[in-house]
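# Architecture and fold: a report
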Amino acid sequence: MRLSARVDYALRATAELAATATGPGRGRPVTADQIARAQEIPPKFLESILLQLRRGGIVQAQRGPEGGYWLARPADEISLAEVIRVIDGPLAHVRGQRPEQLGYHGAARSLQEVWIALRASEREILELVTVADVAGGTLPSRVTELAADPRAWT
């Protein structure tokens with residue numbers, strides 16, 4: 001699986017917003033500069049990502065001296081899959097197409113099922129894990145079990 005820099009930054013930004021929503025000063029909007037500094041994200045790049053997240057219903061924004069960003073819903077209601085879809089579109093494309101739209105023939109026919117199973121596996125994890133799980137460092141046991149396998153790291 002390959003995630004774009006935009007997705008990586010979006011996930012980091014939403015985790016940062018989740019952490020600030022539960023920490024000191026909670027309930028106050030967080031500026032893009034604060035998020036960029038905390039997560040070492042290029043500020044201009046982050047601004048466009050936050051705009052996408054706002055349009056996708058993940059974050060809300062307020063302008064002005066007391067302005068900034070906050071999560072549109074509780075962090076435990078926002079899955080990683082939702083953030084990824086807002087930024088990059090549907091999960092698991094093959095050559096820019098959804099696996100069920102591909103037409104394989106002969107000996108390669110089973111590849112379509114492999115790509116669909118791969119997408120289902122990705123979806124299982126990415127919909128299971130929420131922004132709150134990441135921000136709180138409390139991942140679901142299924143994720144920690146998979147990550148504990150040494151083969152997962154190579």
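Notes on the structure follow. (Residues numbered from 1 in each chain as written. Predicted model: local features only at pLDDT ≥ 70, side-chain atom pairs only at ≥ 80, totals over all residues. Heavy atoms only, no water.)

### A short note on the overall build of the protein chain
Stated formally: Each helix is a run of DSSP H or I of at least 4 residues and each strand a run of E of at least 2, with the numbering of both proceeding from the N terminus. Burial classification: accessible surface area is computed with a 1.4 Å probe over protein chains only, and a residue below 20% of its type maximum counts as buried, one above 50% as exposed, and the rest as partly exposed. The method behind every accessible area is Shrake-Rupley, applied with a 1.4 Å probe, and residues are considered shielded solely by the protein chains displayed.
Each helix and strand counted, the protein chain has seven helices and two strands in total. Relative to its 154 residues, the protein chain shows a buried fraction of 32%. Carbon and sulfur atoms form 53% of the exposed surface of the protein chain, whose accessible area is close to 9,500 Å².

### What to know about the packing of helix α4 (residues 80–88) against helix α5 (residues 111–128)
Formally: In this analysis an axis means a line fitted to C-alpha atoms, helices contributing only their contacting stretch, and an angle means the value between N-to-C directions, from 0 to 180 degrees. Between 65 and 115 degrees an angle is taken as roughly perpendicular, under 35 as roughly parallel, over 145 as roughly antiparallel, and anywhere else as oblique. Throughout, a residue-residue contact means that at least one pair of heavy atoms, one from each residue, lies within 4.5 Å.
Where α4 contacts α5, the axes come no closer than 6 Å and their chain directions differ by 110°. If you check the angle between α4 and α5, you find them roughly perpendicular. For the pair α4 and α5, contact is made by Leu-80, Ala-81, Ile-84 and Arg-85 and by Arg-123, Leu-126 and Glu-127, respectively.

### A closer look at the nonpolar core
Stated formally: Nonpolar cores were defined as sets of buried Ala, Val, Leu, Ile, Met, Phe, Trp, Tyr and Cys residues, with membership established by side-chain atoms within 4.5 Å.
One finds Leu-46, Leu-53, Leu-71, Val-83 and Val-131 to be the most contacted residues of the largest nonpolar core, which totals 32 residues. Among the elements of the structure, α1 (5–22), α2 (32–39), α3 (43–55), β2 (68–71) and α4 are those that each provide at least two residues to this core. Considering each element in turn, this core owes the most residues, seven residues, to α1.

### Remarks on the pairing of strand β1 (residues 59–62)
The cut-off we apply is this: At least two bridges found by DSSP between two strands are what make those strands a pair.
Where β1 lies against β2, four bridges are found, and the strand directions are antiparallel. Following the sheet pairing, Ala-61 is matched in β2 by Tyr-69. The antiparallel pairing of β1 with β2 creates a hairpin that spans five residues between the two strands, and Gly-64 there sits at a positive phi of about 105°.

### Points about unusual backbone geometry
The phi torsion at Glu-40 lies on the positive side, around 55°, for a residue other than glycine. Here Glu-40 is to be found in the loop between α2 and α3. Residue classification places Glu-40 among the exposed residues on the basis of a relative accessible area of 71%.

### Quick word on α5
Threshold: The span you would expect from a helix comes to 1.5 Å times its residue count less one. It is the directions from the helix axis to the C-beta atoms whose arc is reported.
With 18 residues, α5 should cover 26 Å at 1.5 Å per step; its first-to-last C-alpha distance of 26 Å lies within 8% of that length. Regarding α5, the residues found buried are Arg-119, Glu-122 and Leu-126. Buried residues of α5, seen end-on, are gathered within an arc of 65° and therefore sit on one face of the element. Structurally, α5 contributes buried residues whose contacts are with α4.

### Examining the packing of α3 against α4
Going by this rule: For any pair of crossing helices, the crossing counts as left-handed if the nearer helix is rotated counterclockwise from the farther one by less than a right angle, and right-handed if it is rotated clockwise.
For the pair α3 and α4, the least separation of the axes is 9 Å and the interaxial angle reads 110°. In terms of their interaxial angle, α3 and α4 are classed as roughly perpendicular. Our pair here, α3 against α4, has a crossing hand that is right-handed. On α4, the residues touching Ile-49, Gln-52 and Leu-53 of α3 are Val-83, Val-86 and Ile-87.

### As for the environment of Gly-67
With respect to the helices and strands, Gly-67 occurs in the loop between β1 and β2. Put simply, Gly-67 and Ala-32 are 35 residues apart on the chain and 9.7 Å apart in space, counted from C-alpha to C-alpha. When residues no more than four places from it in sequence are discounted, the contact partners of Gly-67 are Pro-29, Thr-31 and Gln-62.

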